[in-house]
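Residue-level listing of the chains:
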Amino acid sequence: MKSIACFSSVRAVCQHTSACIPLHRALFHCTNSDRCSNLDIANKTAVAQQLSLTSVRKFHSTHGNTAVVQQVSAAPPPILVPTPGKREDELTLYQLGRRTPPITSTRTVPHLSPYRPYTKPQSNAAARVNMQSLFEGEVIPQLCSRLAHLPSNDRAEGLATLLGACVEFGLEAHSPLVLRLINECRELLSHRDLEVAQLCHLGEVSYVLEGSKSAILTEVLDSLSVAVEEDAVTPGEATRVYSLMALCYDPASPQQMFILSSLHRLTQRMVHRLKAREVSSILQSLLKLQQRQAITLVLRLSHRASRVFKAFSDQEVINVLSALMILGQHDADLLAAMEKHLPERLGTCDPELVSTVMEYCLQMKCRSEPIFEAVAENFVCHAERHSTPQIAKQIVAMGRLNYLPQCSTQMFKKLESILSTRFSQFQPRSLIEVLHACIHLERFPLNYMSKVFSPFFLHRLQAQGEPLDKNALGQLTQLHLSTSLECNHYWGPRLPYSLHVKKFSSVDQAFETPMDTLFYRQIKKPLTQLLGGQFYSTRVFTHSGYTVDVEICLDENGYILPLSQWEHTYRRLALCLDDQNRFCSNTQHLLGKEATKRRHLRRMGYEVVQIPYFELERMRTNEEQVKYLHNKIFPTIFKYSHSS
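Keep in mind that this is a model prediction, so the values were computed, not measured.

We now examine the environment of G158. Tracing the sequence through the fold places G158 in helix α8 (residues 152–168). With relative accessibility at 0%, the residue G158 sits in the buried group. A C-alpha to C-alpha distance of 9.8 Å links G158 and A148, two positions ten residues apart in sequence.

Dropping the structure here:
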């Protein structure tokens, strides 16, 4: 009866394990048929009820035997009873003799840790007794002896699966059964004939079981080092190696550093052969390995992603874009692929995909009309399906990249409806970011500014456990400026003066981009020559907190004043020296923060003159630059003088 109990428990686990087909088949024939056949049905039912587990942890084998532990409720597992008269030995030898290719040869390991130790419920004493009887019985030793007759790769899969079961059931590395399995694995590794997929499987399990000091892991890395150096690795196997390295990588190990650098070079050469899921998996592994210096490889993977973009699943697109954002790389071809394939799938895709795409465009400062139009239309139709953080990411990206979609009227009506019905669901800081993004598009949410400036909301904002950072205060200050400068009919609450920021200039450049020194040096000489001297000042702080790049003061007759007579200033000119950092990366549109700053400067009384880099670059000689500045500055002065 004990052997049947052990057999039932093993089969309950391994029926859910597709990791090793030969192992799974062998489990059905590891008991004594005579003892099984002598049990009647009543006894079998009683045994099954007695040994049933209230909770069974199953191995859900995905992507090359990577076991992801899932909690399931299990009924008493059925007990397999051989049919009397059938020769079990012949069936066993037949099934074990057939060599079934391991699943790992065609699958990929995800970037997450493939095995997690299973912690058994402390209150379930029956489960602990059953697990103990399972591993102390004769079933596992018999199974190990049967695995010895399999080919090396299948045997390695079986041993790795058994070790994974030991990890799952919480056995320690020094237990007799685990030690036996470890010794058999080391003996198998000594032959040096295992494929890369089986090596990675053994390495993953041994690392979880014994840590970085595992002898099996050391031998696995030795074999992988040889395989990678000899280029004896396929794209799928390279993906497996990356997953293993992401699990156990030690930067202090010269051997692992050598494997990783060799793997980078190998992957660069065969990146054109990678499939979509392999590109996603490798990028996730590089992210976990923090390989920011592998710029060439990341760019090639990004370029490959543009070629296989249509084959990505929603989650794979999310993984790829998330990795590229953190690694800080962008490929124009990937944006083109997104513009081609994303609009048609936005209506049925995961809402998280939409928000991730917008977050990627925002971080890379990519102002894409096809993507943004499709996102806006999708927002109008399906905004109810999106969570408040997902809604915030979409609106914030459009605002900060200064894009007003064609369906803006319907989009802002939908946004107003959502804010009305789900106002309390928005986190305070997220709500401020949404409203702040609206003013970049000259949409002023006055109905909600009164709520934001109310003492209750400000107290709620300050009661989140952290002091208000400069970004939140700056956004509130700009909202206040918009109500003061652009919404004269607003009579609601105002932001307390104590919460105003004194300067919008900051290290993170959240509200204005500082003047580029090199760009200023290009303009300084022709500007001084045009004005007949340095009749201007640079980096001037205004009373509202903005910084003016170059300020020129005029008297009441429109004449330019020298610096010594600025107390007689009647009118001011603000020259905005706009370098590349103030524009979207792929267009000549100003960022939302820069467009808002210029509107506010005009409302404050400045005559704003924009000098974009792409216009000045066309002027090759000093004379051309002087003439260009003359045509930019003096028409504004003459216009003011004429109007006065």
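After presenting the structure, the write-up continues.
Moving on to the sheet that holds strand β4 (residues 547–554). Taken together, four strands build an open sheet; the order of strands is β3-β4-β5-β6 and the sheet is mixed. In this open sheet, the two strands that pair with only one neighbour each are β3 (537–541) and β6 (606–612). Pairs of neighbouring strands in the sheet enclose a mean axial angle of 40°, with direction left out of account. The sheet contact formed by strand β5 (residues 571–578) and β6 spans seven bridges and is parallel. Looking at the pairing, L573 lines up with E607 of β6. Along the sheet, helix α26 (residues 517–531) makes contact with β3, β4, β5 and β6, crossing β5 at roughly 140°. Most of the contacts of helix α27 (residues 592–603) go to β6, to which it runs at about 150°, and overall it touches β4, β5 and β6.

Turning our attention to the packing of aromatic side chains. If you walk through the whole model with that rule in mind, you get eight aromatic pairs. Consider the rings of F583 and Y613, whose centres lie 5.7 Å apart with planes at 65°: the pair is edge-to-face. One end of the pair, F583, is in the loop between β5 and α27; the other, Y613, is in helix α28 (residues 613–616), and 30 residues separate them in sequence. Like F583, the residue Y613 is buried in the burial classification. Three or more aromatic residues joined by ring pairs make a cluster, and in this case those are F504, F511 and Y546. The lysine or arginine in question, K451, covers the ring of F423, its NZ or CZ lying 4.8 Å from the ring centre. Above the face of the F541 ring, K503 is positioned so that its terminal group lies 4.1 Å from the ring centre.

This part is about the confidence of the model for the chain. On average, residues of the chain score 80 in pLDDT, and 77% of them are at 70 or above. Of all secondary-structure elements in the chain, the lowest mean pLDDT belongs to strand β2 (residues 66–72), at 32, while helix α20 (residues 388–400) reaches the highest, 97. The model gives residues 1–124 a pLDDT under 50, and that stretch makes 212 contacts with residues more than four places away or in other chains.

A few words now on unusual backbone geometry. In this structure, N402 is a non-glycine residue whose phi angle is positive, near 60°. Position of N402 among the secondary structure elements: in the loop between α20 and α21 (408–422). A positive phi angle, near 60°, is found at E442, a position not held by glycine. Along the chain, E442 turns up in the loop between α22 (428–440) and α23 (446–452).

Okay, the pairing of β5 next. A large share of β5 lies buried, amounting to six of its eight residues. Two elements, β4 and β5, share five bridges in a ladder whose sense is antiparallel. Of the residues in β5, the one forming a bridge with I552 is L573. The handedness of the β5 to β6 crossover, carried by α27, is right-handed.

So, how was this worked out
- Residues numbered from 1 in each chain as written.
- Predicted model: local features only at pLDDT ≥ 70, side-chain atom pairs only at ≥ 80, totals over all residues.
- Heavy atoms only, no water.
- Helix = DSSP H or I, 4+ residues; strand = E, 2+ residues; numbered from the N terminus.
- Buried < 20%, exposed > 50% of the residue type's maximum accessible area, 1.4 Å probe, protein only.
- Pairing = 2+ DSSP bridges.
- Axes fitted to C-alpha atoms, helices over the stretch in contact; angles between N-to-C directions.
- Contact = heavy atoms within 4.5 Å.
- Phe/Tyr/Trp six-rings, centres within 6.5 Å; stacked < 30°, edge-to-face > 60°.
- Lys NZ or Arg CZ within 6 Å of the ring centre and 35° of its normal.
- pLDDT = per-residue confidence, 0-100.
- Right-handed = clockwise from strand over helix to strand, strands pointing away.

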